[in-house]
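Report on the structure
As a plain string of letters, each chain reads:
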Amino acid sequence: QVQLVESGGGLVQAGGSLRLSCAASGRTFSTYGMGWFRQAPGKEREFVAAISRSGGTTYYADSVKGRFTISRDNAKNTLYLQMNSLRPGDTAVYHCAAAGMAMPTTSGEYAYWGQGAQVTVSS
């Protein structure tokens, strides 16, 4: 089992940057594929990015490709999401999640979730 806690959200102007962190408890962080999802008010949760256990493979939603970067530091049990060139449409609660050995893009395949971090992008 793993517990996840996000931090780093906030209010930023369009075009700005933020970096989200997701701290994981336990000693098995490196055995999980990890992902970021987001949910805007009135919308369904959507996939943002995923990363393999080693960090060597990443995958992004088309809407964030080229602007967001997912990474992880297994020695620090931490997942990151660097968000650049932010747009008002990126406003949402961002959640990190842990899957099994894979790095799926659908929320139903993730077993553990953080409570979320609010990101608000003003125009």
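First, a word on scope: everything that follows refers to the structure included in this document. (Residues numbered from 1 in each chain as written. Predicted model: local features only at pLDDT ≥ 70, side-chain atom pairs only at ≥ 80, totals over all residues. Heavy atoms only, no water.)

**Overview of the pairing of strand S9 (residues 92-98)**
Look at any regular strand and the pattern is simple: side chains alternate between the two faces of the sheet. Cut-off, in case you're wondering: Summary of the burial criterion: residues with accessible area below 20% of their type's maximum are buried, those above 50% are exposed, and those between are partly exposed, where the area comes from a 1.4 Å probe applied to protein chains only. Strands are runs of DSSP state E lasting at least 2 residues, helices are runs of H or I lasting at least 4, and numbering of each runs from the N terminus. Here the rule is simple: two strands pair whenever DSSP picks up at least two bridges between them.
Within S9, 6 of the 7 residues are buried, which leaves it mostly tucked inside the rest of the structure. Strand direction decides the pairing type here: strand S4 (residues 34-39) and S9, joined by 6 bridges, are antiparallel. Its bridge partner being in S9, glycine 35 is matched across the sheet by alanine 97. Pairing geometry for S9 and strand S11 (residues 117-122), over 3 bridges, is antiparallel. Each residue of the ladder has a partner; that of valine 93, found in S11, is glutamine 118. Looking at chain direction, S9 and strand S10 (residues 112-113) are connected through 2 bridges and run antiparallel. Bridge assignment links alanine 97 to a residue of S10, and that residue is tryptophan 113.

**A few points about the nonpolar core**
How we decide: Working definition of a nonpolar core: buried Ala, Val, Leu, Ile, Met, Phe, Trp, Tyr and Cys residues. They are joined through side-chain atoms within 4.5 Å.
Within the largest apolar cluster, 37 residues are counted, with the highest numbers of intra-cluster contacts made by Trp36, Leu79, Leu81, Met83 and Tyr94. Listed by contribution, the elements that provide at least two residues to this core are strand S3 (18-24), S4, strand S5 (46-51), strand S7 (68-73), strand S8 (78-83), S9 and S11.

**A closer look at the environment of threonine 58**
Which entries qualify depends on this criterion: The contact rule is simple, with two residues in contact once any of their heavy atoms fall within 4.5 Å.
By secondary structure assignment, the location of threonine 58 is in strand S6 (residues 58-60). For threonine 58, a relative accessible area of 34% translates into the label partly exposed. In this structure the C-alpha to C-alpha distance between threonine 58 and methionine 103, which are 45 residues apart in sequence, comes to 8.4 Å. Here threonine 58 is in contact with Ala50, Ile51, Ile70 and Met103, once residues within four sequence places are set aside.

**Describing the state of the cysteines**
Basically, it comes down to this: Pairs of cysteine sulfur atoms within 2.5 Å are identified as disulfides in what follows.
Within this structure, the stated rule accounts for 1 disulfide. Across the disulfide from cysteine 22 sits cysteine 96; the S-S distance is 2.0 Å. Between cysteine 22 and cysteine 96 the sulfur-sulfur dihedral comes to about 60°; the bridge is accordingly right-handed. Taken together, the residues span a long stretch of sequence, with cysteine 22 in strand S3 and cysteine 96 in strand S9 at a distance of 74 residues. Note on accessibility: cysteine 22 and cysteine 96 belong to one class, buried.

**What about the packing of aromatic side chains?**
Put simply, the rule reads: Pairing of aromatic side chains requires ring centres within 6.5 Å, counting the rings of Phe and Tyr and the six-membered ring of Trp. Pairs whose planes differ by under 30 degrees are stacked, by over 60 edge-to-face, and all others tilted. Ring-over charges, as used throughout, are those where CZ of Arg or NZ of Lys falls within 6 Å of the ring centre and within 35 degrees of the ring normal.
Per the counting criterion, the structure on display carries 6 aromatic pairs. Between tyrosine 32 and tyrosine 112, the ring centres sit 5.9 Å apart and the planes meet at 90°, which makes this aromatic pair edge-to-face. Here the residue tyrosine 32 occupies a position in the loop between S3 and S4, and tyrosine 112 occupies one in strand S10, the gap between them amounting to 80 residues. Tyrosine 32 sits in the buried class, given a relative accessible area of 11%. The exposure class of tyrosine 112 is partly exposed, given its relative accessible area of 25%. Through successive ring pairs, a cluster of aromatic residues spans Phe37, Phe47, Tyr59, Tyr110 and Trp113. Lying over the aromatic face of phenylalanine 29, arginine 72 brings its terminal NZ or CZ to 4.4 Å of the ring centre.

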